[in-house]
Amino acid sequence: MILALRALGVGDLATAVPALRALRAAHPDRELVLAAPGWLAPLVDLVGGVDRLVPTDGLGRPDPALRTPLVAVNLHGRGPESHRLLTATRPGRLLAYASPEAGHHDGPKWRDDEHEVDRWCRLLGWYGIPADRADLDLRRPPPGGAPAAGVTVLHPGSKIPAKRWPPGRFAALARELAARGHRVVLTGSPDERVTAQRIADAAGLPADAVLAGRTDLGRLAALVAYARLVVSGDTGVAHLATGYRTPSVVLFGPVPPALWGPPPDRPRHRALWAAAGDWPWWDGVGSHPTLAGIGVDDVVTAVDEVERAVRGSGAVAA
(Lines give C-alpha, C1' and ligand atoms only; values in the text may rest on other atoms or scores of the structure.)
Protein backbone atom coordinates (compact mmCIF):
# COMPACT_ATOMS: atom_id res chain seq x y z
CA MET A 1 0.00 0.00 0.00
CA ILE A 2 1.11 3.53 -0.85
CA LEU A 3 -0.48 5.99 1.57
CA ALA A 4 -0.91 9.70 0.82
CA LEU A 5 -2.22 12.14 3.45
CA ARG A 6 -4.18 15.22 2.34
CA ALA A 7 -6.84 15.74 5.03
CA LEU A 8 -7.96 19.16 3.80
CA GLY A 9 -10.49 20.69 1.37
CA VAL A 10 -11.43 20.88 -2.32
CA GLY A 11 -8.71 23.27 -3.43
CA ASP A 12 -6.11 21.37 -1.43
CA LEU A 13 -7.02 18.12 -3.14
CA ALA A 14 -7.09 19.73 -6.59
CA THR A 15 -3.60 21.19 -6.13
CA ALA A 16 -2.29 17.76 -5.10
CA VAL A 17 -3.52 16.05 -8.28
CA PRO A 18 -0.13 16.12 -10.07
CA ALA A 19 1.54 14.59 -7.01
CA LEU A 20 -1.10 11.87 -6.68
CA ARG A 21 -0.78 11.03 -10.37
CA ALA A 22 3.01 10.85 -9.99
CA LEU A 23 2.64 8.40 -7.10
CA ARG A 24 0.28 6.30 -9.23
CA ALA A 25 2.82 6.22 -12.07
CA ALA A 26 5.71 5.42 -9.73
CA HIS A 27 3.87 2.51 -8.08
CA PRO A 28 1.55 1.08 -10.76
CA ASP A 29 1.19 -2.30 -9.05
CA ARG A 30 0.56 -1.03 -5.53
CA GLU A 31 -2.71 0.07 -3.96
CA LEU A 32 -2.80 3.86 -3.68
CA VAL A 33 -4.72 4.93 -0.59
CA LEU A 34 -5.66 8.54 0.12
CA ALA A 35 -6.33 9.71 3.67
CA ALA A 36 -8.69 12.68 3.25
CA PRO A 37 -12.13 13.83 4.45
CA GLY A 38 -14.87 11.42 3.41
CA TRP A 39 -17.05 14.16 1.90
CA LEU A 40 -14.39 14.60 -0.81
CA ALA A 41 -15.17 11.12 -2.23
CA PRO A 42 -16.95 12.44 -5.39
CA LEU A 43 -13.91 14.55 -6.24
CA VAL A 44 -11.46 11.74 -5.47
CA ASP A 45 -13.30 9.65 -8.06
CA LEU A 46 -12.76 12.43 -10.61
CA VAL A 47 -9.03 12.61 -9.87
CA GLY A 48 -8.59 8.99 -10.92
CA GLY A 49 -5.82 6.62 -9.94
CA VAL A 50 -6.71 6.48 -6.24
CA ASP A 51 -7.76 2.97 -5.30
CA ARG A 52 -9.23 3.70 -1.91
CA LEU A 53 -10.22 6.69 0.23
CA VAL A 54 -9.90 6.31 3.99
CA PRO A 55 -11.98 9.09 5.60
CA THR A 56 -9.61 11.20 7.67
CA ASP A 57 -10.61 14.44 9.38
CA GLY A 58 -7.89 16.20 11.27
CA LEU A 59 -4.58 14.81 12.45
CA GLY A 60 -5.55 12.64 15.38
CA ARG A 61 -5.02 8.92 15.77
CA PRO A 62 -4.74 7.20 12.37
CA ASP A 63 -7.42 4.81 11.18
CA PRO A 64 -6.36 1.16 11.62
CA ALA A 65 -6.92 0.75 7.85
CA LEU A 66 -3.82 2.88 7.30
CA ARG A 67 -1.41 0.57 9.14
CA THR A 68 1.99 -0.48 7.76
CA PRO A 69 2.03 1.08 4.29
CA LEU A 70 5.06 0.37 2.16
CA VAL A 71 5.43 4.13 1.63
CA ALA A 72 3.65 6.98 3.41
CA VAL A 73 3.66 10.39 1.72
CA ASN A 74 2.89 13.61 3.55
CA LEU A 75 1.03 15.82 1.08
CA HIS A 76 -0.63 17.60 3.98
CA GLY A 77 1.93 19.95 5.52
CA ARG A 78 5.36 20.50 6.96
CA GLY A 79 4.78 18.70 10.27
CA PRO A 80 5.14 17.90 13.04
CA GLU A 81 1.51 16.74 13.57
CA SER A 82 1.04 15.34 10.06
CA HIS A 83 4.45 13.65 10.18
CA ARG A 84 3.59 12.05 13.50
CA LEU A 85 0.27 10.75 12.20
CA LEU A 86 2.02 9.03 9.31
CA THR A 87 4.85 7.75 11.50
CA ALA A 88 2.20 6.15 13.70
CA THR A 89 1.10 4.00 10.74
CA ARG A 90 4.58 2.40 10.82
CA PRO A 91 5.43 2.89 7.16
CA GLY A 92 8.35 1.21 5.46
CA ARG A 93 9.39 4.67 4.29
CA LEU A 94 8.16 8.22 4.90
CA LEU A 95 8.36 10.83 2.13
CA ALA A 96 7.97 14.25 3.69
CA TYR A 97 9.51 17.65 4.20
CA ALA A 98 12.28 17.77 6.77
CA SER A 99 10.87 18.26 10.28
CA PRO A 100 13.43 17.84 13.07
CA GLU A 101 10.65 18.50 15.59
CA ALA A 102 8.92 15.33 14.37
CA GLY A 103 12.19 13.41 14.21
CA HIS A 104 12.18 13.41 10.41
CA HIS A 105 15.50 14.77 9.14
CA ASP A 106 15.16 13.45 5.60
CA GLY A 107 13.46 15.39 2.82
CA PRO A 108 13.77 18.87 1.32
CA LYS A 109 13.39 22.13 3.19
CA TRP A 110 9.94 23.75 3.27
CA ARG A 111 9.52 27.05 1.39
CA ASP A 112 6.79 29.56 2.26
CA ASP A 113 7.02 31.34 -1.11
CA GLU A 114 6.15 28.32 -3.25
CA HIS A 115 3.01 27.65 -5.26
CA GLU A 116 0.97 24.88 -3.66
CA VAL A 117 1.14 22.68 -6.77
CA ASP A 118 4.92 23.07 -7.04
CA ARG A 119 5.37 22.33 -3.35
CA TRP A 120 4.22 18.73 -3.67
CA CYS A 121 5.83 18.16 -7.05
CA ARG A 122 9.15 19.31 -5.61
CA LEU A 123 8.75 17.02 -2.61
CA LEU A 124 8.32 13.98 -4.81
CA GLY A 125 11.09 15.10 -7.15
CA TRP A 126 13.48 15.22 -4.21
CA TYR A 127 12.76 11.51 -3.68
CA GLY A 128 13.26 10.71 -7.36
CA ILE A 129 9.58 10.66 -8.39
CA PRO A 130 8.94 13.05 -11.29
CA ALA A 131 5.65 14.97 -11.22
CA ASP A 132 4.16 17.18 -13.92
CA ARG A 133 2.81 20.37 -12.36
CA ALA A 134 0.56 20.91 -15.41
CA ASP A 135 -1.22 17.58 -14.88
CA LEU A 136 -4.23 19.22 -13.21
CA ASP A 137 -7.12 18.04 -15.37
CA LEU A 138 -10.00 16.26 -13.68
CA ARG A 139 -12.23 13.58 -15.17
CA ARG A 140 -15.33 15.14 -16.67
CA PRO A 141 -18.52 13.75 -15.12
CA PRO A 142 -21.50 12.79 -17.31
CA PRO A 143 -23.31 15.95 -18.50
CA GLY A 144 -26.52 14.69 -16.95
CA GLY A 145 -24.98 15.23 -13.51
CA ALA A 146 -24.93 19.00 -13.90
CA PRO A 147 -27.93 21.01 -12.65
CA ALA A 148 -27.56 23.16 -15.80
CA ALA A 149 -25.04 23.40 -18.63
CA GLY A 150 -23.56 26.52 -20.21
CA VAL A 151 -24.23 28.73 -17.20
CA THR A 152 -22.00 31.40 -15.73
CA VAL A 153 -21.19 30.44 -12.15
CA LEU A 154 -20.66 33.18 -9.58
CA HIS A 155 -19.38 31.83 -6.26
CA PRO A 156 -19.34 34.69 -3.73
CA GLY A 157 -18.55 32.71 -0.59
CA SER A 158 -15.48 31.56 1.30
CA LYS A 159 -14.85 30.02 4.70
CA ILE A 160 -12.51 32.96 5.36
CA PRO A 161 -14.31 36.36 5.54
CA ALA A 162 -11.23 38.26 4.35
CA LYS A 163 -11.38 36.29 1.07
CA ARG A 164 -14.96 37.36 0.21
CA TRP A 165 -15.43 40.01 -2.46
CA PRO A 166 -18.22 42.43 -1.36
CA PRO A 167 -21.71 41.06 -2.16
CA GLY A 168 -22.76 44.37 -3.69
CA ARG A 169 -20.07 44.00 -6.31
CA PHE A 170 -21.14 40.45 -7.08
CA ALA A 171 -24.66 41.79 -7.58
CA ALA A 172 -23.43 44.49 -9.95
CA LEU A 173 -21.37 41.92 -11.84
CA ALA A 174 -24.29 39.51 -12.06
CA ARG A 175 -26.51 42.29 -13.41
CA GLU A 176 -23.96 43.24 -16.07
CA LEU A 177 -23.31 39.67 -17.18
CA ALA A 178 -27.03 38.86 -17.32
CA ALA A 179 -27.55 41.94 -19.51
CA ARG A 180 -24.89 40.53 -21.86
CA GLY A 181 -26.76 37.27 -22.23
CA HIS A 182 -25.04 35.14 -19.57
CA ARG A 183 -27.26 32.69 -17.70
CA VAL A 184 -25.97 33.49 -14.21
CA VAL A 185 -26.24 31.13 -11.24
CA LEU A 186 -24.97 31.59 -7.69
CA THR A 187 -23.35 28.71 -5.83
CA GLY A 188 -22.22 28.26 -2.25
CA SER A 189 -22.74 26.31 0.94
CA PRO A 190 -26.08 26.12 2.80
CA ASP A 191 -24.78 28.81 5.17
CA GLU A 192 -24.16 31.09 2.18
CA ARG A 193 -27.62 30.72 0.67
CA VAL A 194 -28.98 33.90 2.30
CA THR A 195 -26.12 35.97 0.87
CA ALA A 196 -26.57 34.37 -2.54
CA GLN A 197 -30.29 35.14 -2.47
CA ARG A 198 -29.61 38.79 -1.60
CA ILE A 199 -27.18 39.05 -4.50
CA ALA A 200 -29.73 37.46 -6.85
CA ASP A 201 -32.48 39.84 -5.67
CA ALA A 202 -30.25 42.88 -6.10
CA ALA A 203 -29.22 41.73 -9.58
CA GLY A 204 -32.77 40.92 -10.66
CA LEU A 205 -32.01 37.24 -11.22
CA PRO A 206 -34.78 34.60 -11.16
CA ALA A 207 -35.29 32.46 -8.07
CA ASP A 208 -33.87 29.35 -9.72
CA ALA A 209 -30.52 31.14 -10.19
CA VAL A 210 -29.69 30.52 -6.53
CA LEU A 211 -28.04 27.10 -6.30
CA ALA A 212 -26.22 27.76 -3.01
CA GLY A 213 -26.95 24.90 -0.63
CA ARG A 214 -28.61 22.86 -3.39
CA THR A 215 -25.61 21.12 -4.95
CA ASP A 216 -23.46 18.43 -3.40
CA LEU A 217 -19.79 18.24 -4.36
CA GLY A 218 -20.38 15.92 -7.30
CA ARG A 219 -23.09 18.12 -8.81
CA LEU A 220 -21.01 21.24 -8.18
CA ALA A 221 -18.10 19.67 -10.07
CA ALA A 222 -20.42 18.81 -12.96
CA LEU A 223 -21.84 22.33 -12.96
CA VAL A 224 -18.33 23.82 -13.23
CA ALA A 225 -17.21 21.24 -15.80
CA TYR A 226 -19.96 22.29 -18.23
CA ALA A 227 -20.11 26.00 -17.35
CA ARG A 228 -19.52 28.88 -19.73
CA LEU A 229 -17.58 30.83 -17.10
CA VAL A 230 -16.70 30.82 -13.40
CA VAL A 231 -16.07 33.91 -11.26
CA SER A 232 -15.07 33.27 -7.66
CA GLY A 233 -12.69 34.11 -4.89
CA ASP A 234 -9.70 31.98 -4.03
CA THR A 235 -11.73 28.88 -3.15
CA GLY A 236 -12.17 25.27 -4.19
CA VAL A 237 -14.52 26.23 -7.03
CA ALA A 238 -11.67 28.15 -8.68
CA HIS A 239 -9.54 25.00 -8.64
CA LEU A 240 -12.39 22.98 -10.16
CA ALA A 241 -12.48 25.52 -13.01
CA THR A 242 -8.75 24.98 -13.54
CA GLY A 243 -9.21 21.20 -13.45
CA TYR A 244 -11.86 21.41 -16.17
CA ARG A 245 -10.22 24.24 -18.13
CA THR A 246 -13.45 26.17 -17.71
CA PRO A 247 -12.88 29.90 -18.38
CA SER A 248 -12.51 31.61 -15.03
CA VAL A 249 -11.77 34.87 -13.26
CA VAL A 250 -10.43 34.37 -9.75
CA LEU A 251 -10.33 37.21 -7.22
CA PHE A 252 -7.40 36.94 -4.84
CA GLY A 253 -6.64 38.41 -1.44
CA PRO A 254 -4.94 38.33 0.98
CA VAL A 255 -3.02 35.32 -0.39
CA PRO A 256 -1.48 36.15 -3.80
CA PRO A 257 -2.15 34.12 -6.95
CA ALA A 258 1.57 33.28 -7.10
CA LEU A 259 0.87 30.80 -4.27
CA TRP A 260 -2.55 29.40 -5.18
CA GLY A 261 -3.51 30.76 -8.60
CA PRO A 262 -4.28 28.99 -11.88
CA PRO A 263 -1.40 28.23 -14.26
CA PRO A 264 -0.24 31.61 -15.64
CA ASP A 265 0.25 30.15 -19.13
CA ARG A 266 -3.48 29.44 -19.56
CA PRO A 267 -5.14 32.62 -20.91
CA ARG A 268 -8.64 31.27 -20.27
CA HIS A 269 -7.96 31.72 -16.53
CA ARG A 270 -7.38 35.21 -15.10
CA ALA A 271 -6.22 35.89 -11.55
CA LEU A 272 -6.90 39.37 -10.16
CA TRP A 273 -5.66 41.05 -7.03
CA ALA A 274 -4.89 44.62 -6.00
CA ALA A 275 -1.34 44.04 -4.83
CA ALA A 276 0.28 47.36 -5.70
CA GLY A 277 1.93 48.99 -2.69
CA ASP A 278 1.67 48.18 0.99
CA TRP A 279 -1.65 48.42 2.80
CA PRO A 280 -0.95 50.54 5.90
CA TRP A 281 -4.13 49.78 7.79
CA TRP A 282 -6.86 47.19 7.95
CA ASP A 283 -9.20 46.54 10.87
CA GLY A 284 -9.65 42.87 9.98
CA VAL A 285 -13.33 43.31 9.12
CA GLY A 286 -14.74 42.45 5.71
CA SER A 287 -12.78 41.89 2.52
CA HIS A 288 -9.02 42.22 2.72
CA PRO A 289 -7.77 45.40 0.97
CA THR A 290 -5.98 43.39 -1.73
CA LEU A 291 -9.39 41.94 -2.62
CA ALA A 292 -11.50 45.04 -1.96
CA GLY A 293 -9.24 46.94 -4.37
CA ILE A 294 -10.66 44.91 -7.29
CA GLY A 295 -13.49 46.78 -8.98
CA VAL A 296 -16.45 45.47 -10.95
CA ASP A 297 -14.99 46.98 -14.12
CA ASP A 298 -11.76 45.06 -13.51
CA VAL A 299 -13.68 41.80 -13.40
CA VAL A 300 -15.77 42.62 -16.48
CA THR A 301 -12.58 43.40 -18.39
CA ALA A 302 -11.08 40.08 -17.26
CA VAL A 303 -14.24 38.24 -18.36
CA ASP A 304 -13.86 39.79 -21.81
CA GLU A 305 -10.23 38.66 -21.90
CA VAL A 306 -10.90 35.03 -21.03
CA GLU A 307 -13.81 34.80 -23.46
CA ARG A 308 -11.63 36.25 -26.23
CA ALA A 309 -8.98 33.67 -25.34
CA VAL A 310 -11.52 30.87 -25.74
CA ARG A 311 -12.68 32.20 -29.10
CA GLY A 312 -9.10 32.70 -30.23
CA SER A 313 -8.18 29.14 -29.38
CA GLY A 314 -10.96 27.79 -31.53
CA ALA A 315 -12.38 25.95 -28.50
CA VAL A 316 -15.98 26.19 -27.48
CA ALA A 317 -16.73 26.81 -23.81
CA ALA A 318 -18.99 24.14 -22.35
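Now for a look at the structure at hand. The shown structure was predicted, so the numbers you read here are calculated from the model rather than taken from an experiment.

Quick word on empty space enclosed by the protein
Alright, step 1. Across all of its chains, the model carries two cavities of 30 Å³ or more by this definition.
Alright, step 2. Looking at the largest cavity, its volume works out to about 90 Å³.
Alright, step 3. What lines the largest cavity is a set of 13 residues, among which T15, V117, L136, H239 and T242 lie closest to the centre.
Alright, step 4. Where the lining of the largest cavity is concerned, the elements lending two or more residues are α1 (10-15) and α9 (236-243).
Alright, step 5. Counting residues per element, the lining of the largest cavity draws most heavily on α9, at three residues.
Alright, step 6. When its residues are assigned to classes, the lining of the largest cavity shows six nonpolar, six polar and one charged.
Alright, step 7. For the second largest cavity, the calculated volume is near 40 Å³.

So, the pattern of salt bridges
Alright, step 1. One pass over the structure, following the stated rule, counts 15 salt bridges.
Alright, step 2. When the shortest N-O distance is used, the salt bridge between D137 and R245 registers 3.1 Å. One end of the pair, D137, is in the loop between α5 (116-126) and β6 (152-155); the other, R245, is in the loop between α9 and β9 (248-251), and 108 residues separate them in sequence.
Alright, step 3. Here D304 makes a salt bridge to R180, at a shortest N to O gap of 2.6 Å.

Some thoughts on α5
Alright, step 1. Looking at α5, one finds that the buried residues are E116, V117, R119, W120, C121, L123 and L124.
Alright, step 2. Buried residues belonging to α5 abut α1, α2 (17-26), β4 (71-74), β5 (93-95) and α10 (257-260).
Alright, step 3. One or two steps after α5, the chain reaches G128, where phi turns positive at roughly 85°.

Observations regarding the layout of surface pockets
Alright, step 1. As a volume, the largest pocket reaches approximately 910 Å³.
Alright, step 2. Every residue lining the largest pocket is counted, 30 residues in all, and those nearest its centre are V10, W39, K159, T235 and G236.
Alright, step 3. Taken together, the elements giving at least two residues each to the lining of the largest pocket come down to α1, α8 (217-225) and α9.
Alright, step 4. Class assignment for the residues of the lining of the largest pocket results in nine nonpolar, 13 polar and eight charged.
Alright, step 5. In this model, the second largest pocket occupies a volume close to 200 Å³.
Alright, step 6. Considering the residues around the second largest pocket, the lining is formed by 14 residues, among which A148, V185, D208, A209 and L211 are closest to the centre.
Alright, step 7. Of the residues in the lining of the second largest pocket, the class split is eight nonpolar, two polar and four charged.

Topic: the packing of α2 against α5
Alright, step 1. The interhelical angle for the contact between α2 and α5, taken along N-to-C directions, is 25°, at an axis separation of 8 Å. In terms of orientation, α2 lies roughly parallel with respect to α5. Of α5, the residues touching α2 (which contributes P18, A19, A22 and L23) are V117, W120, C121 and L124.
Alright, step 2. Considered class by class, the residues forming the contact of α2 with α5 number eight nonpolar, no polar and no charged.

Quick look at the sheet that holds strand β10 (residues 269-272)
Alright, step 1. Strand order in the open sheet formed by five strands is β7-β6-β8-β9-β10, with parallel pairing between adjacent strands. The open sheet has two edge strands with one neighbour each: β7 (184-186) and β10. Each adjacent strand pair in this sheet contributes to an overall mean axis angle of 15°, direction not counted.
Alright, step 2. Bridging between β6 and strand β8 (residues 229-233) involves four bridges; their strand directions are parallel. Note on β8: the bridge partner recorded for V153 is V230.

Cut-off values and rules
Residues numbered from 1 in each chain as written. Predicted model: local features only at pLDDT ≥ 70, side-chain atom pairs only at ≥ 80, totals over all residues. Heavy atoms only, no water. 1 Å grid on protein atoms, 1.4 Å probe; cavity = no way out; pocket = protein on both sides within 12 Å on 5 of 7 lines; lining within 4 Å. Points joined across faces, edges and corners; volume = space filled by probe spheres on them. Helix = DSSP H or I, 4+ residues; strand = E, 2+ residues; numbered from the N terminus. Nonpolar A, V, L, I, M, F, W, Y, C, P; charged D, E, K, R; others polar. Salt bridge = Lys/Arg side-chain N within 4 Å of Asp/Glu carboxyl O. Buried < 20%, exposed > 50% of the residue type's maximum accessible area, 1.4 Å probe, protein only. Contact = heavy atoms within 4.5 Å. Axes fitted to C-alpha atoms, helices over the stretch in contact; angles between N-to-C directions. Parallel < 35°, antiparallel > 145°, perpendicular 65-115°, else oblique. Pairing = 2+ DSSP bridges.

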